[in-house]
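Residue strings, one per chain:
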Amino acid sequence: MIHTLFCDCFKHRRDTGEIEIEILAIPPGLSLDTKSQSLNVRRNKLSGEGHILGDSSIEQDSSYWEIKVLKEGKIGLGIVWHEKAKTLENLSNLGSEDGLWGSLRNYSAESVNSVIGVSVNYSALPMLRIVEEESNEVIYEAMRIRGTVFPCFVVESGAEIQIFFEKFEGKNSANQKPLLRTK
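Residues numbered from 1 in each chain as written. Predicted model: local features only at pLDDT ≥ 70, side-chain atom pairs only at ≥ 80, totals over all residues. Heavy atoms only, no water.

### Notes on the overall build of the chain
Here comes step 1: Regarding its fold elements, the chain presents 1 helix and 14 strands.
Here comes step 2: Counting the 183 residues in the chain, one finds 49% classified as buried.
Here comes step 3: Counting contacts in the chain only where the partners sit at least 6 residues apart, residues at least 24 apart contribute 68% of the total.
Here comes step 4: Here the chain displays about 9,500 Å² of accessible surface, and carbon together with sulfur accounts for 47% of that area. (Helix = DSSP H or I, 4+ residues; strand = E, 2+ residues; numbered from the N terminus. Buried < 20%, exposed > 50% of the residue type's maximum accessible area, 1.4 Å probe, protein only. Contact = heavy atoms within 4.5 Å. Areas by Shrake-Rupley, 256 points an atom, 1.4 Å probe, with all protein chains shown as cover.)

### A word on the packing of aromatic side chains
Here comes step 1: Taken as a whole, this structure holds 2 aromatic pairs when the rule is applied.
Here comes step 2: A ring pair is formed by Y64 and F168, whose centres lie 4.8 Å apart and whose planes are at 85°; its orientation type is edge-to-face. Note that Y64 is positioned in strand 7 (residues 62–71) and F168 in the segment after strand 14 (160–164), a separation of 104 residues in sequence.
Here comes step 3: With a centroid separation of 6.2 Å and 75° between ring planes, the pair formed by F153 and F165 is classed as edge-to-face. Of this pair, F153 sits in strand 13 (residues 149–156) while F165 sits in the segment after strand 14, and the two are 12 residues apart along the sequence.
Here comes step 4: Accessibility expressed as a relative area gives 0% for F153, which makes it buried.
Here comes step 5: The class for F165 is buried, based on a relative accessible area of 1%.
Here comes step 6: The cationic tip of R146 hangs over the ring face of W81; the distance from NZ or CZ to the ring centre is 4.1 Å. (Phe/Tyr/Trp six-rings, centres within 6.5 Å; stacked < 30°, edge-to-face > 60°. Lys NZ or Arg CZ within 6 Å of the ring centre and 35° of its normal.)

### Description of the nonpolar core
Here comes step 1: Counting residues in each nonpolar core, the largest one holds 32 residues, and the members touching the most others are W65, I79, W101, L128 and F153.
Here comes step 2: Looking at which element gives the most residues to this core, the answer is strand 8 (residues 73–81), with 4 residues. (Core = buried A, V, L, I, M, F, W, Y, C linked by side-chain atoms within 4.5 Å.)

### Looking at the pattern of salt bridges
Here comes step 1: All told, the structure shown has 4 salt bridges when counted by the stated rule.
Here comes step 2: The shortest N-O distance in the salt bridge between E137 and R105 comes to 3.5 Å. With a gap of 32 residues between them, E137 in strand 12 (residues 137–142) and R105 in strand 9 (residues 100–107) connect regions that are remote in the sequence.
Here comes step 3: Under the relative-accessibility criterion, E137 is labelled partly exposed at 36%. (Salt bridge = Lys/Arg side-chain N within 4 Å of Asp/Glu carboxyl O.)

### Here's the deal with unusual backbone geometry
Here comes step 1: Here the amide bond leading from L125 into P126 is cis, since omega sits at -5°, within 30 degrees of zero.
Here comes step 2: Tracing the backbone shows P126 in the loop between strand 10 (115–121) and strand 11 (128–132).
Here comes step 3: At N136, a residue that is not glycine, the phi angle is positive and equals roughly 65°.
Here comes step 4: Phi angles above zero are rare outside glycine, and K167 is one such case at about 50°.

Take a look at the structure:
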């Protein structure tokens, strides 16, 4: 089952009242693992219990996306090697297993509205960097990434997040390149 997050393909012209369809680079969507217990996906928000992947692999040299913490709980984000992505069973081991790069940790009520940025840059070290945008706290770094990888997200213990593949909210996102959808 594929859930597409959002698309800003339609524009309403105020001067003429006409609706224009503009073909833009469609942001990546999410691919739901049918084994996820009770994951709720509404537009670009995730809640409940489970895990999900971006439906596009990371193929560009540099890419970026963000999450915003909406409710406290356990949240994981990072990237997954395509062989691990086939089953998604091991996402609860995020950051502790080869092929699963990222962070899985508890976020308290004080973390609500925090924005966390994920940057992948194949031509720089570290190749993966996850940063809390307000404090600039580095949550996770990975020096080397191999193979075809996909963005991944985990919510547990009542957590809710909002995902941004474009129109970023973080203060450090100005020079970042959004992740593009691949064929």
